[in-house]
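Descriptive analysis of the structure
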Amino acid sequence: VAALMFSAATTALSFQDETLPPVQIALDVNTQGNSGNALGTLDSCLSVNQGDTFDVDVTVRGIPPISSNFEFGLAGYGLNLHFDPNVVHTVGANSKMMIQTSSGFEFIGGNYVLGGGANPFPGTSGDSRVDFVDLGSQASAGDGVLARITLQAIGPGTTDLKLDSELESMPYPATFGRVGSDLLIYPASTLQNGRVTVGQPCENPPTPFNPTTPQPTERVQTPTPGSTASRAPAGDTQLAIDTVITGNNATKVDQIDACASAKLGDKFEVDVVIKGVQNLLAYDLPVSYDPQVLRVVDRNVKLFLQGNSGSQVIDASGQTPDDTGVYAVAAVDSADPVAPDSGDGILVRLTFEALKEANTKLSIKPADIDGDRVPDRGILLRNIDNAIIGDTNGDTFFDGPVSDAEIRVGAECATPGHVVVAGSSSETNGSGGGDNAWVWIAIGAGVVAVVAAVGAGLLLARRRGRKAAP
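Residues numbered from 1 in each chain as written. Predicted model: local features only at pLDDT ≥ 70, side-chain atom pairs only at ≥ 80, totals over all residues. Heavy atoms only, no water.

Attention now moves to the pattern of salt bridges. Opposite charge on two side chains makes pairing possible when the charged atoms of those side chains draw close. Enumeration over the complete set of coordinates arrives at ten salt bridges. Notably, a salt bridge pairs arginine 195 with aspartate 160, separated by 2.5 Å at the nearest N-O pair. Linking arginine 195 in strand 13 (residues 194-198) with aspartate 160 in strand 9 (residues 157-164), this pair joins segments that are 35 residues apart in sequence. Its salt-bridge partner being lysine 361, residue aspartate 404 comes within 3.7 Å of it at the nearest N-O pair. With aspartate 404 in the loop between strand 25 (402-403) and strand 26 (405-409) and lysine 361 in strand 22 (residues 359-362), the pair connects residues that are 43 residues apart, well separated along the chain. Accessibility expressed as a relative area gives 13% for aspartate 404, which makes it buried. On the basis of relative accessible area, lysine 361 is assigned to the exposed category, the value being 52%. A single network of salt bridges, built from pairs that share partners, joins Lys361, Lys365 and Asp404. (Salt bridge = Lys/Arg side-chain N within 4 Å of Asp/Glu carboxyl O. Helix = DSSP H or I, 4+ residues; strand = E, 2+ residues; numbered from the N terminus. Buried < 20%, exposed > 50% of the residue type's maximum accessible area, 1.4 Å probe, protein only.)

In structure tokens form, the structure reads like this:
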């Protein structure tokens, strides 16, 4: 279970919902006719006998279709189900109904306690949680079942089944859509809870209500980029690509080589290094290269951020191998208590494969992904206070010193430097490569491993021209 964390490490976690259309969320106690992409008749009350095991569905209507920019759609969700444990217990959950993907993060807690991590079924506390975030193609839209939860009737009586999202302090589940590089919460226009009676007939079903968009709280409020509260000075912070990793380790940067040569077919390593940073907790950066010359085949982000005792680094980088020409690297230290890192070290060690004899530039400067001549991705650094480090113009990108590099495949550099071929020599201090998660989203400091990217990815989300989401 990897996840989305909400905790001290991400005290100002934020998702704005003012730009998204509302959806309808309901708990259907009769699953007949329901599936991941279809809904039958909505039933809000169910009568069962003591000892019966039965399913209920958390449904959603009105997820907007994905645009040509891969915006909207269903990217993930997080919800709590509250019940009377004297009447029913939860005994299982299927989180992948509307979201059908093998690339995602999941968290299911039978007995949910903030900060307590995953708890197995049966759920006997009266509070269970289910989260899932799609790290793949995000193909879901329309109507369907978010999660199917299995319950067992324990004793006679009546219990309401109430939905909310405790982590976001909302009266309805957090259902995420993607807008640009962010995950944002769809507001709910209506919400229907459910009711179960054991050993007696249903009478009045629970009353639907129209939830309003929650007022900002400490948990969801985000300062506007450009305000002093949202930014921290760069200070001595600088980043560079080092094409020769010899002498580098997790917390040490040796001589930085801006050019190195490789042979056709070589798999070799380069480091993206940072120097002089203070209290770094999370980062997101693009690595641009010529995909006709190179391909990214692996990465290791568990280096500088893994430097403290108790560090728990979540890798939210893009999948490898990558041949898109812009590889997204993202990571967050989810330790609880928080364990920020200061000084020098390796942010990420990338393994490339040489595909063609030619010279190619490696860059970590802002990248224009959609071709509109406006940078879409850049270096985003966040410190322990959730402030953006080194952003002087309010676009969330680091504006301090950055040094790019060059790889010459089949040719020598003016100042000879040879890349270290992967497997021949490595001074990596830390665990192995990444977890092949989609770029982004994850969330929290050991508080709760959740899949609602809602992980380092969510932590690092931001969208151009709007508020930065931590």
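Continuing now.
Before going further, it helps to spend a moment on unusual backbone geometry. Residues other than glycine seldom take positive phi values, yet asparagine 279 does so here, at roughly 55 degrees. Within the secondary structure layout, asparagine 279 lies in strand 17 (residues 267-288).

Here five strands make up an open sheet; going across it, the order is 5-8-3-1-12 and the pairing mixed. The sheet is open, and its two borders are formed by strand 5 (88-94) and strand 12 (188-192), each paired with just one other strand. Between one strand and the next, the sheet's axes are offset by a mean angle of 20 degrees, whatever the strand orientation. As paired strands, strand 5 and strand 8 (residues 142-153) are joined by six bridges and run antiparallel to one another. Looking at strand 8, one finds that asparagine 94 is bridged to arginine 148. (Pairing = 2+ DSSP bridges. Axes fitted to C-alpha atoms, helices over the stretch in contact; angles between N-to-C directions.)

Here we take up the sheet that holds strand 22. Spatially, 16-26-22 is the arrangement adopted by the three strands of the open sheet, whose pairing is mixed. Each edge of the open sheet carries a strand with a single partner, namely strand 16 (259-262) and strand 22. On average, each strand axis in the sheet is inclined to that of its neighbour by 25 degrees, with strand direction left out of account. Relative to strand 26, strand 16 runs parallel, the two sharing four bridges. In the strand pairing of strand 26, cysteine 259 is matched with glutamate 406.

The next point concerns the state of the cysteines. Enumeration over the complete set of coordinates arrives at two disulfides. If you count the bonded cysteines of the protein chain from the N-terminus, they pair up as 1-2, 3-4. (Disulfide = S-S within 2.5 Å.)

Before going further, it helps to examine the packing of aromatic side chains. For the coordinates displayed, the defined rule picks out two aromatic pairs. Centre to centre, the rings of phenylalanine 268 and phenylalanine 352 are 6.1 Å apart; their planes meet at 25 degrees, and the pair counts as stacked. Within this pair, whereas phenylalanine 268 is found in strand 17, its partner phenylalanine 352 is found in strand 21 (residues 341-354), the two being separated by 84 residues in sequence. For the pair shown, phenylalanine 268 and phenylalanine 352 are each scored as buried. A ring pair is formed by tyrosine 289 and phenylalanine 352, whose centres lie 5.8 Å apart and whose planes are at 70 degrees; its orientation type is edge-to-face. Taken together, the positions of tyrosine 289 in the loop between strand 17 and strand 18 (294-300) and phenylalanine 352 in strand 21 put the pair 63 residues apart, joining distant regions of the chain. By way of ring pairs, the aromatic residues Phe268, Tyr289 and Phe352 are connected into one cluster. Just above the ring of tyrosine 112 sits the side chain of arginine 129; from NZ or CZ to the centre is 5.9 Å. (Phe/Tyr/Trp six-rings, centres within 6.5 Å; stacked < 30°, edge-to-face > 60°. Lys NZ or Arg CZ within 6 Å of the ring centre and 35° of its normal.)

Right, let's get into the environment of isoleucine 149. Here isoleucine 149 is to be found in strand 8. Distance in space between the C-alpha atoms of isoleucine 149 and asparagine 94 is 6.4 Å, their sequence separation being 55 residues. Setting aside its immediate chain neighbours within four residues, isoleucine 149 contacts Phe54, Asp55, Val56, Val58, Leu79, Leu81, Thr90, Gly92, Ala93 and Val130. (Contact = heavy atoms within 4.5 Å.)

Let us now look at the pairing of strand 3 (residues 53-63). Within a regular strand, side chains alternate between the sheet's two faces. As paired strands, strand 1 (residues 23-28) and strand 3 are joined by five bridges and run antiparallel to one another. Looking at strand 3, one finds that alanine 26 is bridged to threonine 59. Relative to strand 8, strand 3 runs antiparallel, the two sharing nine bridges. Bridge pairing in strand 8 places threonine 53 opposite glutamine 152.

As a further point, take the confidence of the model for the protein chain. In this model, the protein chain carries an average pLDDT of 77, and 74% of its residues clear a pLDDT of 70 or more. The low-confidence segment residues 1-18 (pLDDT under 50) makes 109 contacts with residues lying over four places distant or belonging to another chain. (pLDDT = per-residue confidence, 0-100.)

Further remarks concern the pairing of strand 17. Counting buried residues along strand 17, 18 of its 22 residues qualify, which places the element largely inside the surrounding structure. Two elements, strand 15 (residues 238-242) and strand 17, share five bridges in a ladder whose sense is antiparallel. In the sheet register, aspartate 242 faces strand 17, and the bridge partner there is aspartate 271. As judged from the ten bridges shared by strand 17 and strand 21, these two strands associate in the antiparallel manner. Considered in strand 21, the bridge of valine 273 is made with isoleucine 346. In the sheet, strand 17 pairs with strand 23 (residues 380-383) via four bridges, with the strands oriented antiparallel. Each residue of the ladder has a partner; that of alanine 282, found in strand 23, is arginine 382. The pairing of strand 17 with strand 20 (residues 326-333) spans seven bridges and is antiparallel. When the bridges of strand 20 are listed, valine 287 appears paired with tyrosine 327.

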